[in-house]
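# Architecture and fold: a report
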Amino acid sequence: MLGKYITFPELLLWFPIITGLLAFFIKDQKKVKAWALFSSLITLVISVVSLCYTDNTKYFSYNYVSYIWLQYLGSSFAVGLDGMGHMLTFLTAVSFPIIFAATYKNDYKNPNAFFGLMLLSQAGLMGVFVAIDALIFYFFWELALIPVYFLCSRWGGERRIAATWKFFIYTFVSSLLMLVGIIYVYLQTGPTQFSDHSFSIAAFYKANISLSDQTWLFWLFFIAFAVKMPVFPFHTWQPDTYEQSPAPATMVLSGIMVKMGVFAVIRWVLPVFPEAVLKFDNIVIGLAVAGMIYASCIAMVQNDLKRLVAYSSIAHIGLMCAAIFTINSTGMHGVMIQMLNHGINIIALWIVVDIVEKHTGVRKLSELGGLALHTPLLAIFFVIIALANIALPLTNAFVGEFAMFSGLYEYNPWFAALAGISIILAAVYTLNMVQKIFYGQDNILTKVVSLVTKKQKIVLTLIVLFIFVLGVYPKPVFDLTKDTVTTILSRFDK
Amino acid sequence: MSAIILSAVWGVIMMFGGVFFKKASVPKYWAIAGLIIILTANILEFTGVKIFDIYSENMLRFDNFGLHFNTVALFCTLIYFLLNGRDIEKVGNHVSEYFALIFFVLCGVAISSSFNSLLMLFLGIEIMSIPLYILTGSDKLNLKSNEASLKYFLMGAFSTGIMLMGIAFLYGGNALGSFNIDMMQLGQGALPDMIAVGIVLLVVAMSFKVSAAPFHFWTPDVYDGAPTVFTSFMATIVKVAGFIAFIRLFQSSFGTMQSQWQTLIVIITAATLLIGNLTAVFQQSVKRMLAYSSIAQAGFMLLALFALNDTAKEGLILYSVAYSLASIGLFAILVRMNDYTIEGFNGLGKTHPVLAFTATIFLLSLTGIPLTAGFNAKFYMLLAALQNGHQFWLVILAVICAAISAYYYFKVIQAMYFKEPSEGASHQMDVPPPFKWLLIFTAAIILLLGVMPGLVVDWLYY
């Protein structure tokens, strides 16, 4: 049946859409929570099964499918999974059960709408990762935004409307400009059987675009993706939005949505505009490195826990962005594994932050302290996650960051040296955060009984295991994404 | 042909029926029945069954484009009648006359979508406009409605004069001495002065009819002053029909020397986009905001005139459906609100979830978010404009304006969902279940066209 009637990318896409729409009709708080968790677990199972069939030379029909859609425009509903697609759909599939389980205790007004929108956002993200037709990609790129916009504006903090509005406008403007870019590239592609041009990714890779066109098209695309990542100077929406969003939405935003930007640069910018990439690589890396140092400096002086994590995320993404543009195999492999690692680690960090905030009611570092006395278990988890956040050896992030740094060093030692500063700064602000929350004198706010739920314990234990396993044995991920890296880099062999 | 004849006849029937209808609630059923007959006849004609086969001396030409647009316009009017039938009754005492006038407008719409002679264009536009002057002033005791009607009439009469002047110049200037647009054959050389003047005058007159800047000044006042049910009709079906006439005229007769008048259209398009969007941002009343938004959307539709290729025609048909349905739906909700300001929508998501949800779909479609018909319509327009290959900056300007439009459309969404109802305001309104289902149906069509635009577009090549 598989491969003939239905394929993995379709399953991963349709399942959350259907369960998400059904969730709107389950009005009961408890039932809808269970439903969402159940649905996301099934999606995870589908994704894990699909990981057994990643070899596209053997199982091509399981992973790729294309239906006629706008025939005369040359757009088809084409979805497919290559190595990178498999990895990111897995990240999406694994994140949602983690998020649902870790925040299981939180109650919401209109829970049906909340969980429905969460599942729809999962579907949107899946769509972005599996699309291999430019128009379909654009569709999902925008659609992933809409549920998250509603989630943040409806269930967020006090300044939620203004904050998420900023986020919406940033992404909407930049993606509309990208749409113009997509149409322009489309008009340069060759004819197909029924149409003069084609939106398929293969046609885009083959399109004959002059260097002068590439230079401005590159920026139209890159800015749209840079806003999502976010790369300095397009990052200003991010701390506000992370701070004001409800915890699960923040986890989706920082864990997976950010990867959309990184993913899209690798899939849609590098192979389509190779000459422009080689022309502007130093500018982009310069921006990314500047952003890393800038964000790390701001993170050091942050007193607000959520904003601190937000800025640290900007610094990490900056490194990924810089490593992409080194255009060498080491850096690229580093980015691949780090997309997965960063996704899991940052979600773990947010889970702990959410627990701390729920229990103490504050998230000012200056008002916290001594939590380790009362919740030692949480402290242990947090220290491990924090160490992964600063990429200590043996943790998963070390593998990725090490590869990215050596890639960057190959490209230009000076950039590597500058980026290295941010690693030191990361250690400073992360350890400072650990110290201020968990150690030192406790106070009236932090004298709480440990209330870490069973589900949270399980989730955090699994994440810690994941951190160590990938830290010691990252080979499966490298193997998985090797085909993508080879394909992308082959565009630059001249 | 059937749409023209039948809607004129049905208009007369409705007019006389006013004498016999005892209850005010009767005419709307007659109107709906009549509309279904006309729609069926038009679809039959589309598929090749001609009920009326009249030789019009080549003054009218019924091609796929015109007939398809008629179907779209009649279908949208049907939705409009079904949604607003009861509100039309509340405007005044002469219920059947309002319906009769709408049928006369439809007759004008059908002529303007299938004219082949400049005289027919003039007739079509006039038949379309004159009943509207009356409808605008139909709220007789309301000073604003009277003012709007007078303003509309004066400005409209003036622009008609300009159009007539333009037609006269064209007639005098072309070598064959013909009114027929397919006989103009003006070639590609430099234009004779008389023709050039004629074209400019026609651009001005048509821009007035479709409320393109800088000839848009009547729009906000007239749309605001007219009873809301009729604003809904004017801002959607009538406006779109104007565009169909506009592109028909300019493609058939002046298409070959587009390069000579394209700059004029570019300026008008850019101005319309900017003025419409920027002014809409500052509106407090949703009705007025929708009036400016109709100008802004006109800017996008003008891109079809700029591009003037097959994609543009497909896009214009799609845009007609997407824009008309979404606006008709929004106006139908607006009519029932007690408070037309944006604050009046506060908390609607809680008090009337169905209305708020469908309104959100309509607003998302007007903004152009994927999965709605509005996105596909905008996409076709951008594609057409880029295919044309000139004036790349105009396309960039258009998408920036689309982003600005998100600002004022989303203000309403934010009010409905993220804000609490303001104190003292009530959302007590009359929302019968059929009305709700109809709104859901309309929203479903918009979503369906968002996924499969071919359902509308492919009929052009039937």
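Please read all numbers here as calculations on a predicted model, not as lab measurements.

The rules behind these values
For every chain, the first residue of the written sequence is number 1, and numbering continues from 1 onward in sequence order. Chain letters and ligand numbers both follow the written order, the letters beginning at A and the numbers at 1. Where totals are concerned, whole chains, interfaces and linings use all residues; where local detail is concerned, this predicted model gives features only for residues with pLDDT of at least 70, and gives and counts side-chain atom pairs only at 80 or more. Strands are runs of DSSP state E lasting at least two residues, helices are runs of H or I lasting at least four, and both sets are numbered from the N terminus onward. For the exposure call, what matters is how many other C-beta atoms sit within 10 Å of a residue's own: 20 or more marks it buried, 12 or fewer exposed, and in between partly exposed, using C-beta atoms placed from the backbone. What counts as a contact here is a pair of residues whose C-beta atoms, placed from the backbone, lie within 7 Å. With C-alpha atoms as the basis for the radius of gyration, the globule rule is written as 2.2 Å multiplied by the number of residues raised to the power 0.38. Residue ranges assigned to each domain were obtained from an automatic or database domain assignment. Gly is placed with the polar residues, together with every amino acid not listed as nonpolar (Ala, Val, Leu, Ile, Met, Phe, Trp, Tyr, Cys and Pro) or charged (Asp, Glu, Lys and Arg). The axes are straight lines fitted to the C-alpha atoms, using for helices just the contacting stretch, and the angles between their N-to-C directions are given from 0 to 180°. The sense of a crossing depends on the near helix, which, turned anticlockwise from the far helix by less than a right angle, makes the crossing left-handed and, turned clockwise, makes it right-handed. Note on terminology: a nonpolar core is a set of buried residues of type Ala, Val, Leu, Ile, Met, Phe, Trp, Tyr or Cys, with members joined through C-beta atoms within 7 Å. Here is the rule for angles: anything less than 35 degrees is roughly parallel, anything more than 145 is roughly antiparallel, 65 through 115 is roughly perpendicular, and the remaining ranges are oblique. We treat two strands as partners when DSSP finds at least two bridges between them. Helices are assigned an expected span. That span is 1.5 Å times one less than the residue count.

Turning our eyes to something else, we now look at the overall build of chain A. Scanning chain A from terminus to terminus reveals 21 helices and two strands. Principal-axis analysis of the C-alpha atoms gives chain A an extent of 70 × 55 × 45 Å. Residue burial in chain A is summarised as follows: out of 494 residues, 59% are buried. Long-range contacts, defined here as pairs at least 24 residues apart, represent 82% of the contacts in chain A between residues at least 6 apart.

Helix and strand content of chain B: 18 helices and zero strands. The C-alpha atoms of chain B give a radius of gyration of 21 Å, which matches the 23 Å a tight globule of 462 residues would have. With respect to the three principal axes, the spread of C-alpha positions in chain B is 70 × 55 × 45 Å. Taken across its 462 residues, chain B has 58% of its residues classed as buried. Counting contacts in chain B only where the partners sit at least 6 residues apart, residues at least 24 apart contribute 82% of the total.

Okay, the environment of B:Ser117 next. Residue and element names in this part refer to chain B. The residue Ser-117 is located in the loop between α4 (95-112) and α5 (118-136) in this model. Linking Ser-117 and Phe-179, residues 62 residues apart in sequence, is a C-alpha distance of 5.3 Å. Non-local contacts of Ser-117, meaning those with residues more than four positions away in its chain, are made with Met-59, Phe-179, Asn-180 and Ile-181.

Once that is clear, we can look at the domain arrangement of chain A. Residue and element names in this part refer to chain A. The domains assigned to chain A are domain 1 (1-272) and domain 2 (281-494). Here the C-alpha centre of domain 2 lies 23 Å away from the C-alpha centre of domain 1. Between domain 1 and domain 2, the residue contacts involve 38 residues of the former and 39 residues of the latter. Of all the elements in the fold, those that place two or more residues in the side of domain 1 that touches domain 2 are α4 (83-102), α11 (237-244) and α12 (247-269).

A separate point is the environment of A:Leu253. Residues and elements named next belong to chain A. When you line up the elements, Leu-253 lands in helix α12. When the 24 C-beta atoms within 10 Å are taken as the criterion, Leu-253 is described as buried. Along the backbone, Leu-253 and Val-148 are 105 residues apart, and their C-alpha atoms lie at a distance of 8.0 Å. Each residue touching Leu-253, except ones within four places of it in the same chain, is listed here: Val-148, Thr-241, Tyr-242, Ser-245 and Val-258.

Let us now look at the interface of chain B and chain A. Taken together, the contacts link 17 residues of chain B with 18 residues of chain A. For the side of chain B that touches chain A, the secondary-structure elements that each account for two or more residues are α15 (373-388) and α16 (392-418) of chain B. When residues in the side of chain B that touches chain A are grouped by element, the largest group, nine residues, is from α16(B). Residues belonging to the side of chain B that touches chain A are distributed by class as follows: 14 nonpolar, three polar and no charged.

Residues and elements named next belong to chain B. The geometry of helix α12 (residues 310-336) relative to helix α14 (residues 353-367) is characterised by a closest axis approach of 9 Å and an angle of 145 degrees between their N-to-C directions. Viewed along their axes, α12 and α14 form a crossing whose handedness is left-handed. In contact with Ala-322, Ala-326, Gly-329, Leu-330 and Ile-333 of α12, α14 contributes Leu-355, Thr-358, Ala-359, Phe-362, Ser-365 and Leu-366. Residues that form the contact of α12 with α14 fall into these classes: eight nonpolar, three polar and no charged.

Once that is clear, we can look at the environment of A:Arg267. In this fold, A:Arg267 is placed in helix α12. Sequence-wise, A:Arg267 and A:Ile132 are 135 residues apart; in three dimensions their C-alpha atoms are separated by 9.2 Å.

We now examine the nonpolar core. One recurring pattern in soluble globular proteins is that nonpolar side chains are buried together. Counting residues in each nonpolar core, the largest one holds 365 residues, and the members touching the most others are A:Val269, A:Ala322, A:Val352, B:Leu303, B:Ala304 and B:Ala322. Looking at which domains feed residues into this core, each of domain 1 (1-272) and domain 2 (281-494) of chain A supplies at least three. Sequence-distant contacts of A:Val352, defined by excluding residues within four places in its chain, comprise A:Leu378, A:Phe381, A:Phe382 and A:Ile385.

With that out of the way, let us pick up the packing of helix α5 (residues 111-130) of chain A against α12(A). All names here are of chain A. Contact pair α5 / α12: the axes reach a minimum separation of 10 Å and the direction vectors enclose 10 degrees. As judged from the angle between their axes, α5 and α12 are roughly parallel. Residues Met-118, Ser-121, Leu-125, Val-128 and Phe-129 of α5 form the contact with α12, whose participating residues are Pro-248, Val-252, Ile-256, Met-257, Met-260 and Phe-263. Across the contact of α5 with α12, the residue classes tally to ten nonpolar, one polar and no charged.

All names here are of chain A. Cis peptide bonds are those with omega within 30 degrees of zero, and the linkage from Met-229 to Pro-230 qualifies with -10 degrees. Along the chain, the position of Pro-230 falls in the loop between α10 (211-228) and α11. Omega for the peptide link from Phe-232 to Pro-233 comes to 0 degrees, which places this bond in the cis form. Looking at the element boundaries, Pro-233 is found in the loop between α10 and α11. In this model, Asn-110 sits at a positive phi of 45 degrees, which is unusual for a non-glycine residue. Relative to the elements of secondary structure, Asn-110 occurs in the loop between α4 and α5.

Attention now moves to helix α8 (residues 218-225) of chain B. Buried within α8(B) are the following residues: B:Thr219, B:Pro220, B:Val222, B:Tyr223 and B:Gly225. Looking at the buried side of α8(B), the elements it contacts are α5, α6 (143-173), α9 (228-254) and α11 (286-307) of chain B.

Next up on the list: the pairing of strand β1 (residues 64-70) of chain A. Residue and element names in this part refer to chain A. Across six bridges, β1 lies against strand β2 (residues 75-80) in antiparallel orientation. Residue Ser-66 lies in a different strand from β2, and its bridge partner there is Ala-78. Linkage of β1 to β2, two consecutive antiparallel strands, is achieved through a turn of four residues, within which Gly-74 is found at a positive phi near 80 degrees.

It is worth spelling out helix α1 (residues 2-20) of chain B at this point. Residue and element names in this part refer to chain B. Between its terminal C-alpha atoms α1 stretches 26 Å, which fits the 27 Å expected from 19 residues at 1.5 Å a residue. The complete set of buried residues in α1 reads Ser-2, Ala-3, Ile-4, Leu-6, Ser-7, Trp-10, Gly-11 and Met-14. Here the buried face of α1 lies against α2 (27-46), α3 (64-89) and α4.

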